[in-house]
Amino acid sequence: QLQLVESGGGLVQPGGSLRLSCAVSGVRVDSVAIGWFRQAPGKEREGVSCINKSGGDTNYADPMKDRFFISRDNAKNTVYLQMDSLKPEDTATYYCARRGRGISTCSLFSIPADYDIWGQGTQVTVSS
């Protein structure tokens, strides 16, 4: 069945790193665009990053640019989000999602309504 499962979250100190994984079942990751989102308590869900169908086009929200890196392993059918230089404001639940509406690119990637299948999320807490 079509399913996305996030893992890799946890508690880290400011300046630390985490790598999140999004294991995808039911669809090849090289056939769709996959996005990462995050949501902190009391805040709107915001786009973090996206990788397109070919894997050659990636996008990042400005606060995460040069700190977060999206990649994928086609053999494992898994998308990753490497997070470096973490800050307390990065604390949130992180979700991966498949882009729907027939969209296989990452243009205007940060609109939650453009994604149709979501994982359950993994918690990231950045605190000293």
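Refer to the preceding data block for the structure.
Residues numbered from 1 in each chain as written. Predicted model: local features only at pLDDT ≥ 70, side-chain atom pairs only at ≥ 80, totals over all residues. Heavy atoms only, no water.

How do you make sense of the state of the cysteines when you look at a structure like this?
Under the criterion given, the structure shown has two disulfides. Shown here is the disulfide that connects Cys 22 with Cys 96, its sulfur atoms set 2.1 Å apart. Between Cys 22 and Cys 96 the sulfur-sulfur dihedral comes to about 75°; the bridge is accordingly right-handed. Here Cys 22 is found in strand S3 (residues 18-25), whereas its partner Cys 96 is found in strand S9 (residues 92-99), with 74 residues between them in sequence. With relative accessibility at 0%, the residue Cys 96 sits in the buried group. A disulfide bridge connects Cys 50 with Cys 106, and the sulfur atoms are separated by 2.0 Å. Linking Cys 50 and Cys 106, the disulfide has an S-S dihedral of approximately -75° and is accordingly described as left-handed. Separated by 56 residues along the polypeptide, Cys 50 in strand S5 (residues 46-51) and Cys 106 in the loop between S9 and strand S10 (115-118) bring together distant segments of the chain. Taken individually, Cys 50 and Cys 106 each receive the classification buried, so the pair is uniform in this respect. Counting only the cysteines that take part in disulfides, in the order they occur along the protein chain, gives the pairing 1-3, 2-4. (Disulfide = S-S within 2.5 Å. Helix = DSSP H or I, 4+ residues; strand = E, 2+ residues; numbered from the N terminus. Buried < 20%, exposed > 50% of the residue type's maximum accessible area, 1.4 Å probe, protein only.)

Hey, could you run me through the packing of aromatic side chains in this one?
Evaluation of the coordinates by the stated rule reveals four aromatic pairs. One aromatic cluster is present, formed by Phe 37, Tyr 95, Tyr 115 and Trp 118 through successive ring pairs. Positioned over the ring face of Tyr 95 is Arg 45, at 4.0 Å from the centre of the ring. Sitting over the face of the ring of Trp 118, Arg 45 holds its NZ or CZ atom 4.8 Å from the ring centroid. (Phe/Tyr/Trp six-rings, centres within 6.5 Å; stacked < 30°, edge-to-face > 60°. Lys NZ or Arg CZ within 6 Å of the ring centre and 35° of its normal.)

Looking at this structure, I do not really get the environment of Gln 3. What am I missing?
As for its position among the elements, Gln 3 is in strand S1 (residues 3-7). Judged by its relative accessible area of 34%, Gln 3 is partly exposed. Leave out the neighbours within four places in its chain, and Gln 3 touches Ala 23, Val 24 and Ser 25. Here Gln 1 takes part through its side chain, which lies 2.7 Å from a polar atom of the side chain of Gln 3. (Contact = heavy atoms within 4.5 Å. Polar contact = N/O pair within 3.5 Å; in protein donor to acceptor, adjacent residues only side chain to side chain.)

How do you make sense of the pairing of strand S11 (residues 122-126) when you look at a structure like this?
The side chains of a regular strand alternate, residue by residue, between the two faces of the sheet. Of the two faces of S11, only one is covered, namely that formed by Thr 122, Val 124 and Val 126; the face formed by Gln 123 and Thr 125 stays uncovered. Pairing of strand S2 (residues 10-12) with S11, which is carried by three bridges, proceeds in the parallel orientation. By the bridge assignment for S11, Leu 11 is matched with Thr 125. Pairing geometry for S9 and S11, over three bridges, is antiparallel. Across the sheet, residue Ala 92 finds its bridge partner in S11, namely Val 124. (Pairing = 2+ DSSP bridges.)

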